[in-house]
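Notes for the structure review
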Amino acid sequence: MASTAPAASAATPRYASPAGSGTTCSAAAPCDFRQAVEGAQAGAEVIVTPGDYTLTQDVSDKATITIHGVAGQPRPRLHFSGPTGDGLWLQHGSDLRYVEIDQPTPGARTLVVELASIDQVIARSAGTSNTATLIAHD
C-alpha cells in the first residue's frame, strides 16, 4: 500500500517587523519588509507583523510568494516615500492580503501587480492625475 501523505513545504515562513533587521527573518529575529519580500524563495510565506513600516525604496517580489498581515491583529501599514520609493511591485503571480499601503510622493506608484491576487488591501496615493494608485495586469 502506497502512502500519499502531503509533502512538507520547502519554504520556511519569513517574518517582517517595523524594527526588523538582518537576514534571518524568523519569528524570533524578524527582518525588515524589503529583506523579507525580496529574499523570499518561490512558495514562501511572508508574515508582516502589525506596525508602521517606513520604506524609502521600492520593493519587488523575486518569485511567486504570499505576503500577508497577521489575522486578528491590526493591518500593517507600508509607508513608501522618497525618489526611489516607487511602491510595492508584485510581478510573479504573488498573493497580497491584509495590508495597507500609503504613497505620499506625487507621481510615484503605490501598488503594481501582474498576475497577482490582492485581498483586503488598502492602497492610497498622493492622487496626481498622471499616476494610478493601483496598476493591475491580467
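My aim in this report is to walk through the structure given alongside it, one point at a time. (Residues numbered from 1 in each chain as written. Predicted model: local features only at pLDDT ≥ 70, side-chain atom pairs only at ≥ 80, totals over all residues. Heavy atoms only, no water.)

For the rest of this paragraph, the subject is the overall build of the chain. Scanning the chain from N- to C-terminus turns up one helix and eleven strands. Its helices and strands in sequence order give the chain the pattern β-α-β-β-β-β-β-β-β-β-β-β, from N to C terminus. Burial statistics for the chain: of 138 residues in total, 36% are counted as buried. Taking as baseline every contact in the chain between residues at least 6 positions apart, the subset at least 24 positions apart corresponds to 40%. Just so you have it, the chain exposes about 7200 Å², and 51% of that area is on carbon and sulfur atoms. (Helix = DSSP H or I, 4+ residues; strand = E, 2+ residues; numbered from the N terminus. Buried < 20%, exposed > 50% of the residue type's maximum accessible area, 1.4 Å probe, protein only. Contact = heavy atoms within 4.5 Å. Areas by Shrake-Rupley, 256 points an atom, 1.4 Å probe, with all protein chains shown as cover.)

Our next topic: the side chain of Gln-103. By secondary structure assignment, the location of Gln-103 is in strand β7 (residues 100-103). For Gln-103, the side chain forms a polar contact with the main-chain oxygen of Arg-109, separated by 3.0 Å. Each residue touching Gln-103, except ones within four places of it in the same chain, is listed here: Phe-80, Ser-81, Gly-85, Asp-86, Gly-87, Ala-108, Arg-109, Thr-110, Arg-124, Ser-125 and Ala-126. (Polar contact = N/O pair within 3.5 Å; in protein donor to acceptor, adjacent residues only side chain to side chain.)

Attention now goes to the nonpolar core. The nonpolar side chains of soluble globular proteins are, as a tendency, buried together. In terms of nonpolar packing, the biggest core is built from 25 residues, with Phe-33, Val-46, Ile-67, Leu-88, Leu-96 and Ile-101 touching the most fellow members. Of all the secondary structure elements, the ones that give two or more residues to this core are α1 (33-38), β2 (45-48), β3 (52-60), β5 (77-90) and β8 (111-114). No other element matches β5, which puts four residues into this core. In this structure Val-46 touches Arg-14, Ala-36, Val-37, Ala-40, Ile-65, Thr-66, Ile-67 and His-68, once residues within four positions along its chain are discounted. (Core = buried A, V, L, I, M, F, W, Y, C linked by side-chain atoms within 4.5 Å.)

Once that is clear, we can look at the pattern of salt bridges. What the rule picks out here adds up to five salt bridges. In this structure, Glu-100 engages Arg-124 in a salt bridge whose closest nitrogen and oxygen atoms are separated by 2.6 Å. On the criterion of sequence distance, the pair formed by Glu-100 in strand β7 and Arg-124 in strand β10 (residues 122-125) is long-range, its members being 24 residues apart. Looking at Glu-100, the relative accessible area reads 12%, which means it is buried. Note that Arg-124 is salt-bridged to Asp-102, the shortest N-O span being 3.0 Å. (Salt bridge = Lys/Arg side-chain N within 4 Å of Asp/Glu carboxyl O.)

This brings us to the packing of aromatic side chains. For the coordinates displayed, the defined rule picks out one aromatic pair. Centroid distance Phe-33 to Tyr-53: 6.1 Å. Interplanar angle 65°. Geometry classified as edge-to-face. Residue Phe-33 is located in helix α1, and its partner Tyr-53 is located in strand β3; the two are separated by 20 residues in the primary sequence. (Phe/Tyr/Trp six-rings, centres within 6.5 Å; stacked < 30°, edge-to-face > 60°.)

This brings us to the sheet that holds strand β1 (residues 14-16). Taking strand neighbours across the sheet as the criterion, the five strands line up as β1-β2-β4-β6-β9 in an open arrangement whose pairing is parallel. A strand with exactly one partner marks an edge of an open sheet, and here the two such strands are β1 and β9 (117-119). With strand direction ignored, the average angle separating the axes of adjacent strands in the sheet is 15°. Where β1 meets β2, three bridges bridge the pair, whose relative direction is parallel. The partner of Tyr-15 across the bridge, within β2, is Ile-47. (Pairing = 2+ DSSP bridges. Axes fitted to C-alpha atoms, helices over the stretch in contact; angles between N-to-C directions.)

This part takes up the side chain of Ser-60. Note on placement: Ser-60 falls in strand β3. Residue classification places Ser-60 among the buried positions, given a relative accessible area of 15%. Not counting chain neighbours up to four residues away, the residues in contact with Ser-60 comprise Val-37, Glu-38 and Trp-89.

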